[in-house]
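Inside the fold
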Amino acid sequence: MAKKQKKKQPITSQNPTSKTKFKQSRVETARLIRRFHVLNKELAKCRADSETPKQREVEILKEMDSLGGLDWYQKASKLGQSKARGGDSSKWLIQTLKSHCKESIDSTTKPIKVLDVGAVAPDNYKQYSSWITAKPIDLNPQHPDIQKQDFLQMKPPAEDSKFDIVCLSLVVNFVGDPKDRGNLGHLLN
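As named in an unreviewed UniProt entry, the protein chain is 25S rRNA adenine-N(1) methyltransferase, taken from Rhizopus delemar.

1. Here we look at the packing of helix α1 (residues 26–48) against helix α2 (residues 54–66)
In the contact formed by α1 and α2, the axes pass within 10 Å of each other and the chain directions differ by 160°. As judged from the angle between their axes, α1 and α2 are roughly antiparallel. Our pair here, α1 against α2, has a crossing hand that is left-handed. Note on element contacts: α2 touches α1 through Arg 56, Glu 57, Ile 60, Leu 61, Glu 63 and Met 64, opposite Arg 35, Phe 36, Leu 39, Asn 40, Glu 42, Leu 43, Cys 46 and Arg 47. Looking at side-chain class alone, the contact of α1 with α2 contains 7 nonpolar, 1 polar and 6 charged residues.

2. Digging into the sheet that holds strand β2 (residues 132–138)
Strand order across the open sheet formed by 4 strands is β3-β2-β1-β4, with parallel pairing between neighbours. Edge positions in the sheet fall to β3 (147–148) and β4 (165–168), since each has one partner strand and no second. With 4 bridges joining them, strand β1 (residues 112–117) and β4 adopt parallel strand pairing. Bridge pairing links Asp 116 to Cys 167 in β4. Set on the sheet, helix α4 (residues 89–100) makes contact with β1, β2 and β4; between it and β4 the angle comes to about 140°.

3. Focus on α4
Residues three or four positions apart in an α-helix share a direction because the helix packs 3.6 residues into each turn. Taking 1.5 Å per residue as the helical rise, α4 with its 12 residues ought to reach 16 Å, and the 17 Å between its terminal C-alpha atoms agrees with that figure. Of all the positions in α4, only Ser 90, Leu 93, Ile 94 and Leu 97 are classed as buried. Each buried residue of α4 sits inside an arc of 100° when the element is viewed along its axis, so together they form one side. Those residues of α4 that are exposed and aimed more than 90 degrees away from the buried face are Trp 92, Ser 99 and His 100.

4. Thoughts on α2
Taking 1.5 Å of rise per residue, 13 residues should cover 18 Å, and α2 covers 18 Å from first to last C-alpha, within 8% of that figure. All of the buried residues along α2 are Glu 57, Ile 60 and Met 64. Seen from one end, α2 has its buried residues packed into an arc of 65°, which puts them on one side. After α2 finishes, the residue Gly 68 shows a positive phi value of roughly 110°.

5. Thoughts on the pattern of salt bridges
As enumerated under the stated definition, the model contains 6 salt bridges in all. With a closest N to O distance of 2.3 Å, Glu 42 and Arg 56 form a salt bridge. Here Glu 42, found in helix α1, pairs with Arg 56, found in helix α2; they are 14 residues apart in sequence, far enough to count as distant. On the basis of relative accessibility, which here comes to 23%, the residue Glu 42 falls in the partly exposed class. Across the pair Glu 59 and Arg 56 runs a salt bridge, and its minimum N-O distance is 3.4 Å. A residue pair is termed a helical-turn pair when its members lie 3 or 4 positions apart in one helix, as Glu 59 and Arg 56 do in helix α2 at 3 residues. A relative accessible area of 29% means that Arg 56 is categorised as partly exposed.

6. Concerning the packing of aromatic side chains
The tally for this structure, following the rule as stated, stands at 1 aromatic pair. Aromatic side chains Tyr 128 and Trp 131 sit 5.9 Å apart centroid to centroid with 70° between the ring planes, which places their arrangement in the edge-to-face category. Across this residue pair, the class does not change: Tyr 128 and Trp 131 are buried.

Cut-offs applied
- Residues numbered from 1 in each chain as written.
- Predicted model: local features only at pLDDT ≥ 70, side-chain atom pairs only at ≥ 80, totals over all residues.
- Heavy atoms only, no water.
- Axes fitted to C-alpha atoms, helices over the stretch in contact; angles between N-to-C directions.
- Helix = DSSP H or I, 4+ residues; strand = E, 2+ residues; numbered from the N terminus.
- Parallel < 35°, antiparallel > 145°, perpendicular 65-115°, else oblique.
- Left-handed = near helix turned anticlockwise from the far one by under 90°.
- Contact = heavy atoms within 4.5 Å.
- Nonpolar A, V, L, I, M, F, W, Y, C, P; charged D, E, K, R; others polar.
- Pairing = 2+ DSSP bridges.
- Expected span 1.5 Å × (residues − 1).
- Buried < 20%, exposed > 50% of the residue type's maximum accessible area, 1.4 Å probe, protein only.
- Arc of directions from axis to C-beta.
- Salt bridge = Lys/Arg side-chain N within 4 Å of Asp/Glu carboxyl O.
- Phe/Tyr/Trp six-rings, centres within 6.5 Å; stacked < 30°, edge-to-face > 60°.

Printed below as a string of structure tokens:
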């Protein structure tokens, strides 16, 4: 007799503090991500405006927590970037590099250095390791091989350690303060 398989639970239903329950659908994970971005931007506005009552900030934080907080947002992002849903941003970057830089990729003597900001998986560039060296970072890593790092707080690297490419996966949308979004290029100079 065949063994009965246990029904898999959506990763978005694994947060015990959240009162909101939704399915593993594209619509629901996209809705969570979108709402978290909106709340994050509202929170940044509240913190920048001394006239805004602190109660509004508390309400925003409470709603973010009811959605599962940063952890649940990250899990929804991980699900949204799964191969079944088209893959992560590295897929697009590799296609773009191959189509626009074919000659320089073929003749490169040292690997292209990529800073993968907002990395969901640590091995997105593994199969291209002969010509790409990637450093995955994230605010709330979901894997031990992803460095916990706030991109906006990173110190610019030394001249010999600079990155050739900075790949931002859902990073610009996540940054709440418009001034901070404008400063995202600080590691590129």
